[in-house]
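What follows is each chain in one-letter form.
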Amino acid sequence: MDSIPKTTLCNVVPCMRYRDAPAAIDWLCTTFGFSATLVVPNEDGSIAHAQLGFGSSMVMLASVVDTDYGRLIKQPQDIGQFVTQSTYLVVNDADLVYERVRAMAGEIVLDIQDEDYGGRGFTCRDPEGHVWSIGTYDPAHALSSLTSD
């Protein structure tokens, strides 16, 4: 039987849209520690496509555009600051990132705490309202610990 997932370093890639994608790229890199590995600007200064690396993972993002695909996605400001998904970042030091978020005017929505299932983390909004959870809990490590016993 064929395997559906491709053998690659990163099989699940969140894709996001931002009204001010250049500012979002700067904020995500400065605050969370992403690195901009590919940024393709449009002539008007908006972003056609960007890939931001984070360890062995990445997110892809672009500017909000009025296209068939673009109309499928609503921004948090369009729907009462709600989101229909969020992204979790596994970090070495959640307290360090927490302080960066506070210093960079990110909104903390769930304060930092030790989790009952292990790890330490918090949840915040970036300047455009996208929800991010950041923590030291590593679900891949937890899964391998369960299957190796």
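As the structure is a computational prediction, the values presented were derived from the model and not from experiment.

Caption draft 1: Focus on helix 1 (residues 21-32). A rise of 1.5 Å per residue sets the reference length of helix 1, with its twelve residues, at 16 Å; its end C-alpha atoms lie 16 Å apart and thus fit the reference within 8%. Between a side-chain oxygen at the N-terminus of helix 1 and the backbone nitrogen of A23 the separation is 3.2 Å; the capping residue is D20. Looking one or two places after helix 1, you find G33, whose phi comes out positive at around 95°.

Caption draft 2: Spotlight on the packing of helix 1 against helix 2 (residues 94-103). It is the contact of helix 1 with helix 2, at a shortest axis distance of 8 Å, that shows an interaxial angle of 140°. The orientation of helix 1 relative to helix 2 falls into the category oblique. Note on element contacts: helix 2 touches helix 1 through V97, R100 and V101, opposite T30, T31 and F32. Looking at side-chain class alone, the contact of helix 1 with helix 2 contains three nonpolar, two polar and one charged residues.

Caption draft 3: Local environment of unusual backbone geometry. Unusually for a residue other than glycine, Q81 sits at a positive phi of about 70°. With respect to the helices and strands, the residue Q81 is situated in the loop between strand 4 (57-63) and strand 5 (87-90). Residues other than glycine seldom take positive phi values, yet A105 does so here, at roughly 65°. By the secondary structure assignment, A105 is in the loop between helix 2 and strand 6 (107-114). We classify A105 as exposed; its relative accessible area is 64%.

Basis of the calculations
- Residues numbered from 1 in each chain as written.
- Predicted model: local features only at pLDDT ≥ 70, side-chain atom pairs only at ≥ 80, totals over all residues.
- Heavy atoms only, no water.
- Helix = DSSP H or I, 4+ residues; strand = E, 2+ residues; numbered from the N terminus.
- Expected span 1.5 Å × (residues − 1).
- Polar contact = N/O pair within 3.5 Å; in protein donor to acceptor, adjacent residues only side chain to side chain.
- Axes fitted to C-alpha atoms, helices over the stretch in contact; angles between N-to-C directions.
- Parallel < 35°, antiparallel > 145°, perpendicular 65-115°, else oblique.
- Contact = heavy atoms within 4.5 Å.
- Nonpolar A, V, L, I, M, F, W, Y, C, P; charged D, E, K, R; others polar.
- Buried < 20%, exposed > 50% of the residue type's maximum accessible area, 1.4 Å probe, protein only.

Treat this as a map of the structure, not an account of what it does.
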